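For reference, the chains in residue letters:
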Amino acid sequence: MSATDQVHFGYNTPAGERRIERIDPRTFGRDLQSVCDVACQHFDAFWVPDHIMRGDVFRLECWTQLTWLAARYPAQMLGTVVMANSYRHPPLLAKMASSIQHLSRGRLIFGYGAGWLEEEYRAYGYDFPSTRTRIAQMVEGIQLIRAMWTETPANYQGVHYQVTDAHCEPRPDPIPPIMIGGDGERYLLRAVAEHADWWLCFARDGATLRHKISVLEDHCRDVGRDPATIEKVCPMTVYLAPTRSEAEARAGSALEGPEPPFAGDPAALRARIEELTDIGFRHFVFAFAGFPETGDLRLFADKVIPHFR
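Residues numbered from 1 in each chain as written. Predicted model: local features only at pLDDT ≥ 70, side-chain atom pairs only at ≥ 80, totals over all residues. Heavy atoms only, no water.

Enquirer: Got a sec to walk through the nonpolar core? Specific residues and values, please.
Expert: Generally speaking, soluble globular proteins have nonpolar side chains that are buried together. Within the largest apolar cluster, 79 residues are counted, with the highest numbers of intra-cluster contacts made by Phe286 and Phe300. Here the element with the most residues in this core is helix α5 (residues 131-150); it accounts for eight residues. With near-sequence residues (within four places) excluded, Phe286 lies in contact with Phe9, Gly10, Tyr11, Asn12, Phe43, Met236, Val238, Leu269, Ile273 and Phe300. Within the second largest apolar cluster, ten residues are counted, among which are Ala45, Trp47, Ile109 and Val233. (Core = buried A, V, L, I, M, F, W, Y, C linked by side-chain atoms within 4.5 Å. Buried < 20%, exposed > 50% of the residue type's maximum accessible area, 1.4 Å probe, protein only. Helix = DSSP H or I, 4+ residues; strand = E, 2+ residues; numbered from the N terminus. Contact = heavy atoms within 4.5 Å.)

Enquirer: Let's hear about the packing of aromatic side chains: which residues, and what values?
Expert: Any aromatic ring pair is given by two values, namely how distant the centres are and how the planes are angled relative to each other. Tallied over the entire structure, the rule returns 24 aromatic pairs. On the basis of an interplanar angle of 35 degrees and a centroid distance of 6.2 Å, the ring pair of Phe286 and Phe288 is categorised as tilted. Across the pair, Phe288 and Phe286 agree in class, each one buried. Members of the aromatic cluster, connected to one another through ring pairs, are Phe9, Tyr11, Phe43, Phe46, Trp68, Tyr73, Phe284, Phe286, Phe288, Phe300 and Phe308. (Phe/Tyr/Trp six-rings, centres within 6.5 Å; stacked < 30°, edge-to-face > 60°.)

Enquirer: Before we move on, can you summarise the environment of Val57 with the specific residues and values?
Expert: Residue placement: Val57 occurs in the loop between β2 (45-49) and α2 (62-72). Along the primary structure Val57 and Pro25 are separated by 32 residues, whereas in three dimensions their C-alpha atoms are 9.4 Å apart.

Enquirer: Before we move on, could you go through the layout of surface pockets and cite the residues and values that matter?
Expert: By rolling a water-sized probe across the atoms, one finds the places where empty space is left. Roughly 1,300 Å³ of internal volume is contained in the largest pocket. His51, Trp116, Phe202, Ala203 and Glu259 are, among the 50 residues lining the largest pocket, the residues nearest its centre. Of all the secondary structure elements, the ones that give two or more residues to the lining of the largest pocket are β4 (83-84), α5, β10 (231-240) and α9 (266-279). Across the lining of the largest pocket, the residue classes tally to 25 nonpolar, ten polar and 15 charged. (1 Å grid on protein atoms, 1.4 Å probe; cavity = no way out; pocket = protein on both sides within 12 Å on 5 of 7 lines; lining within 4 Å. Points joined across faces, edges and corners; volume = space filled by probe spheres on them. Nonpolar A, V, L, I, M, F, W, Y, C, P; charged D, E, K, R; others polar.)

Enquirer: Residue-level account of the packing of α9 against helix α10 (residues 295-303), with values.
Expert: Two numbers describe how α9 lies on α10: the axes approach to 10 Å, and their chain directions differ by 65 degrees. For the element pair α9 / α10, the angle class is roughly perpendicular. In this structure, α9 crosses over α10, and the sense of that crossing is right-handed. Contacts between α9 and α10 involve Pro266, Leu269, Arg270 and Ile273 from the former and Leu299, Phe300 and Lys303 from the latter. Here the residues of the contact of α9 with α10 are counted per class, giving five nonpolar, no polar and two charged. (Axes fitted to C-alpha atoms, helices over the stretch in contact; angles between N-to-C directions. Parallel < 35°, antiparallel > 145°, perpendicular 65-115°, else oblique. Left-handed = near helix turned anticlockwise from the far one by under 90°.)

Laid out in structure tokens, this is it:
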């Protein structure tokens, strides 16, 4: 990585259960603010996940939490990782995004996705069509939202969504970048090549990420787009400790999952970030498993961030 490259670190604020060791619903709001008060001193952005339930555990709604963050922390960019298209009617979401972009003075990163957790859909009464259909709905949602952000009145006639003479004032200024999350190679990455300003991958090993980027580049060539115009964002759940053995002991069985978190010391995390920047990532979204304690977050701020500044 050259001295002119810039790396952006974002804090993935817990909405509730997120491989977090100690969540207490009775004190969660106070704990969240205390941790964000520390994070805002070191991170470029706050990011919020979008699930309305994961099992029967405590969880806050994404857009409500994002608005709370926007009001309290005026220096950070604000993003979603990522909103499920299915959960909010796209014309209404265009209006919601325009409103928060206006009130936050242009700090929104519009993270968007096709949704995936069937249990969550069924529990809340949403239809759960095939993956291909959900991606098609997401693409129409993006097209409609962009129309409402740029045209007045806006008209859009799709298979899944329509608007007629719809006004979305104030229109967002600037237009938020649209970030698509996911890495399905046939349909999702094609949608990224055609419609996304940013791309959020899944947490993968280096070899898999290189392959996914190669697939994305192939799609870009097919649609006549320079892949360098797509900002790449990597999420990471972190068990960070002074020693690797301590971090791995804390992570425990989480290391055995299909998308294992990082568990190690600051030097190893610096090396991991350097590997990812060499692949092409410049934006990172970190969830710290020690919440509501801030020891791991402060260790990151002291021993990792300065290396990239």
